[in-house]
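Listed below, chain by chain, are the residues.
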Amino acid sequence: MKNKFIYLSVLAMAGLVSCEPEFENEVSANYTAGEADFSSYVAVGNSLTAGYMDGTMYKGGQANSFPNLLSQQFATVGGGAFTQPSYEEDVNNLGGIAGIPGFGTRRVINFATSAPENIAGTPTITLTAQATAYNNMGVPGAKSFHLLAPGYGNPAGLALGQANPYYVRHATSTSSTVLGDAVSKNPTFFTNWIGANDILSYATTGGIGVDHNITGNIDPSTYGPNDITNSNVFAGVYSLIINGGTSPAFGTVTGLAQNGAKGVVATIPSVTSIPFFTTVPFNPLTAASLGAGNAANGALAIQQLNAQLYGPLKQALTAFGAGSRINLLNTTGGNPLLIKDESLTNLSAQLTAAFTPTLGAQTAAFYGSVFGQARQATEADLVLLTTSGVIGTAPAGVPAPLDKFGVTYPLQDQHVLIPAEQTAIASATNSYNAAIKSIAASKGLAVADMNAILGVLVNGLRSVNGQIYTANYFSGAATENKVLFSLDGVHPNARGYAVIANEIIKVINNHYKSNMPFLNPSYFPGINVVATN
């Protein structure tokens, strides 16, 4: 049953485009920098700034980072040289990092199978130190406070989770900070798009981290990798990044705008609206899928499931006032996945007692532990893109007949975002964005409101020449040139980054009275398709 419920993974972080993006330049434009000075442009942020796409950093992808595209447009109005960390050792354009687990090659569509997969080959990108501050200081994986953390580029900290291999490659010293290296470029103009990872890692792991808005923990050095950053911590860190100042945790910090530089800050999109969280349906269990393509066999399987599992569960839960958690499966449409909801009252003891007379004490105890907080998914639940490959597979150590995730065994916390977790994410996002806008206003900075733009992107955008760009996943040649997102489910493709650059140019032109040309996204590559892999 593996991979039967969703096929392709393409998409992304997508609060990323303007409601009315300008895709074509005027022939006789009078370009001007207006009130801005682009002679030394510096970009700070995370993977979205670095040019990450298709699940990795690779040479071809980085060339289409939105800061690099912006710098090309800035050059028309006096912009200076723009440098990015070198990926010249990526000779085969594979991406990944050699010798580090979890940093594999880039994702492509295999034309022979129509499926997404990592491109064949071995990464050649190494951790050889470049010891250079670049104009693009986007660091994949960075959270807000990581930009201020000394040693974030120290290779000795990698094994302890205290350093980032992408920053290790170009940190100017083992004690330098991302922000410090960025400020050393003496920016006259900057973009700052940081903060998504302060929420996103919690979301993409199904909410298995800790929400420090609930714990009240304001010491980010104690946070786990999937935790939600406390909103007060985020606001304080963001202020330091922009304004500079002195902090007990980070010492004296020089901010991006401290010496009069102008810039654009970007808000954080509502991450749960991106297709990474909306592509896998909550109810993919049909007779055909349960019958491995044979609806008749699937109908028989559904009858057995109702008789042996769903019916008895429904009966027992009804007796305890929780009958709405489970309903019988039907043979004519899609049925919801079975999930664990840790926010529910745990009825393990009650179910164990109810099943003991028929199953025996040991088996009944197992059933009680498995289904004590189980329910069927609803439209309010978000099934992660990565869960598509889990549905129908066997949980470790679980015997038949309960050995099918989502069907006879509940999907676990890491597989689904339940409403309570979505609420935590939304609350943090709103708080972060309020801080971003307030701090930007205090310095007179422009704001690219990516959070507001996301709602428009999800529904599709029409360019001035009639092209419609959407957030839908790649579904064949008819839509290939319309997709803005890469195959990792979280980041734009090159065309999507061009649209982001256009949105930021639009904001700059409006705020700083500039007049700069726009990019034509159709000139940039979309989905990566290989003939065979």
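Values in this document were obtained by computation on a predicted structure and should not be read as measured data.

Scoring rules and cut-offs
- What you see as residue numbers is a count from 1 along each chain, following the sequence as written.
- Local features in this predicted model are restricted to residues whose pLDDT is 70 or higher, and side-chain atom pairs enter the listing and the counts only when it is 80 or higher, whereas totals over whole chains, interfaces and linings include all residues.
- As a convention, hydrogens and water are excluded, and side-chain values are obtained from all of the structure's heavy atoms.
- Secondary structure elements follow DSSP: runs of H or I no shorter than four residues count as helices, runs of E no shorter than two count as strands, and numbering proceeds from the N terminus.
- Accessibility here uses a 1.4 Å probe with only protein chains present; expressed as a share of the type maximum, an area under 20% marks a residue as buried, one over 50% as exposed, and anything in between as partly exposed.
- In what follows, residue pairs with any heavy atoms lying within 4.5 Å of each other are defined as contacts.
- The protein chains shown are the only cover counted for residues, whose accessible areas, like all others here, come from Shrake-Rupley with a 1.4 Å probe.
- Any two strands are treated as partners once DSSP identifies two or more bridges connecting them.
- Helix axes are fitted to C-alpha atoms over the stretch in contact, other axes to C-alpha atoms as well, and angles between N-to-C directions run from 0 to 180 degrees.
- Oblique is the label for any angle not covered by the other classes, which are roughly parallel (under 35 degrees), roughly antiparallel (over 145) and roughly perpendicular (65 to 115).
- Left-handed describes a crossing whose near helix is turned anticlockwise from the far helix through less than a right angle; right-handed describes the clockwise counterpart.
- Residue classes follow a fixed rule: Ala, Val, Leu, Ile, Met, Phe, Trp, Tyr, Cys and Pro count as nonpolar, while Asp, Glu, Lys and Arg count as charged, and any other residue, Gly among them, counts as polar.
- Comment: arc refers to directions from the helix axis out to C-beta atoms.
- In the sections that follow, a salt bridge refers to a side-chain nitrogen of Lys or Arg positioned within 4 Å of a carboxyl oxygen of Asp or Glu.
- pLDDT measures how confident the predictor is about each residue, on a scale from 0 to 100.
- For Phe, Tyr and Trp, rings pair up if their centres lie within 6.5 Å, where Trp contributes its six-membered ring, and each pair is then called stacked (planes under 30 degrees apart), edge-to-face (over 60) or tilted (otherwise).

Chemist: What exactly am I supposed to notice about the overall build of the chain here?
Modeler: For the chain, the count of helices and strands is 17 helices and 16 strands. For the chain, the proportion of its 533 residues judged to be buried stands at 56%. A fraction of 75% describes how many contacts in the chain between residues 6 or more apart in sequence connect residues 24 or more apart. For the chain, the accessible surface area stands at approximately 20300 Å², while carbon and sulfur atoms represent 53% of it.

Chemist: Help me understand unusual backbone geometry in this model?
Modeler: Note: most peptide bonds trans; most residues except glycine with negative phi. A cis geometry characterises the amide bond from Ala-400 onward to Pro-401, with omega recorded as 10°. Within the fold, Pro-401 resides in the loop between strand E11 (382-383) and strand E12 (416-417). With phi around 45°, Ala-131 is a residue other than glycine that occupies positive phi space. By secondary structure assignment, the location of Ala-131 is in the loop between strand E3 (115-118) and strand E4 (136-138). Owing to a relative accessible area of 45%, Ala-131 belongs among the partly exposed residues under this scheme. Its identity as a non-glycine residue notwithstanding, Ala-292 has a phi of 55°, on the positive side.

Chemist: What should I look at first to understand the sheet that holds E3 in this one?
Modeler: Overall, mixed pairing links the three strands, which are arranged E3-E2-E16 in an open sheet. The open sheet has two edge strands with one neighbour each: E3 and strand E16 (529-530). Judged from the two bridges that link them, strand E2 (residues 107-110) and E16 form a sheet pairing that is parallel. Bridging from a neighbouring strand, Asn-110 pairs with Val-530 of E16.

Chemist: Honestly, the packing of helix H11 (residues 295-319) against helix H12 (residues 348-359) in this entry has me stumped. Any pointers?
Modeler: In helix packing, the relevant descriptors are the interaxial angle and the interaxial distance, both defined with respect to the helix axes. The geometry of H11 relative to H12 is characterised by a closest axis approach of 10 Å and an angle of 125° between their N-to-C directions. Comparing their axes, H12 and H11 come out oblique. At the point where H11 passes H12, the crossing takes the right-handed sense. In contact with Pro-312, Leu-313, Ala-316 and Leu-317 of H11, H12 contributes Leu-351, Ala-354 and Phe-355. Of the residues contributing to the contact of H11 with H12, the split by class is seven nonpolar, no polar and no charged.

Chemist: Sorry if this is basic, but what is going on with the pairing of strand E8 (residues 262-266) here?
Modeler: Looking along a regular strand, one sees the side chains alternate between the two faces of the sheet. Of all five residues in E8, four are buried, a share of seventy percent or more. The pairing of strand E5 (residues 189-193) with E8 spans four bridges and is parallel. Its bridge partner being in E8, Asn-192 is matched across the sheet by Val-265.

Chemist: Mind showing me how you'd approach H12 here?
Modeler: Because each turn of an α-helix spans 3.6 residues, side chains separated by three or four positions end up pointing in the same direction. All of the buried residues in H12 are Ser-348, Leu-351, Thr-352 and Phe-355. Within H12, the buried residues cover an arc of 100° as seen down the axis, which keeps them to one side. In H12, the exposed positions that point more than 90 degrees away from the buried face belong to Ala-349, Ala-353 and Pro-357. Among the residues trailing H12, Gly-360 stands out with phi positive, at a value near 90°.

Chemist: Would you explain the pairing of E5 in this entry?
Modeler: Burial analysis of E5 places five of its five residues in the buried class, the great majority of the element. Here E5 shows a buried face lined by Phe-189, Thr-191 and Trp-193 and a second buried face lined by Phe-190 and Asn-192. When strand E1 (residues 41-45) meets E5, the two strands line up parallel, connected through five bridges. By the bridge assignment, Ala-43 is partnered in E5 with Thr-191.

Chemist: Just checking my understanding: could you explain the pattern of salt bridges for this structure?
Modeler: Working definition: two side chains of opposite charge can pair if their charged atoms are close together. On inspection of all chains with the given rule, the structure shows six salt bridges. Notably, a salt bridge pairs Asp-403 with Lys-404, separated by 3.9 Å at the nearest N-O pair. One salt-bridge network, in which partners are shared between bridges, spans Asp-341, Arg-375 and Asp-381.

Chemist: Explain the sheet that holds E8 to me, please; I cannot follow it from the model alone.
Modeler: Sheet strands pair by backbone hydrogen bonding; their relative direction is either parallel or antiparallel. Taken together, the five strands give an open sheet; going across it, the order is E4-E1-E5-E8-E13, and neighbouring strands pair in parallel fashion. On the outer flanks of this sheet lie E4 and strand E13 (446-448), each paired with one strand and no other. Strand-to-strand twist of the sheet, defined as the mean angle between neighbouring strand axes without regard to direction, takes the value 15°. Sheet strands touched by helix H3 (residues 66-74): E1, E4 and E5. Its angle to E1, the strand with the most contacts, is close to 160°. In this fold helix H8 (residues 231-243) packs onto E5 and E8, with an angle of close to 165° to the strand it touches most, E5.

Chemist: Could you clarify how one ought to interpret the confidence of the model for the chain in this entry?
Modeler: Low-confidence regions, as indicated by low pLDDT, have predicted coordinates that should not be scrutinised in detail. Residues of the chain with pLDDT of at least 70 account for 89%, and the chain-wide mean is 89. Between residues 1-28, whose pLDDT stays under 50, and residues either more than four places distant or in other chains, the model counts 120 contacts.

Chemist: Can you walk me through helix H13 (residues 361-371) in this structure?
Modeler: All buried positions along H13 are accounted for by Ala-364, Tyr-367, Gly-368, Val-370 and Phe-371. Mapping the buried residues of H13 onto a view down its axis gives an arc of 165°, with all of them on the same face. Along H13, the residues that are exposed and aim more than 90 degrees away from the buried face are Ala-361, Gln-362 and Ser-369. In this structure, the buried side of H13 is in contact with H11, strand E9 (338-340), H12 and strand E10 (374-376).

Chemist: Which parts of the structure should I look at to understand the packing of aromatic side chains?
Modeler: Here the distance between the centres and the angle between the planes together describe a pair of aromatic rings. For the structure on display, the rule yields 17 aromatic pairs. Look at Phe-189 and Tyr-512: their rings are 5.8 Å apart centre to centre, the planes differ by 75°, and that puts the pair in the edge-to-face class. Placement of the pair is Phe-189 in strand E5 and Tyr-512 in the loop between helix H17 (494-511) and E16, with a sequence separation of 323 residues. By relative accessible area, Phe-189 is classed as buried at 0%. When its relative accessible area of 2% is taken as the criterion, Tyr-512 is described as buried.

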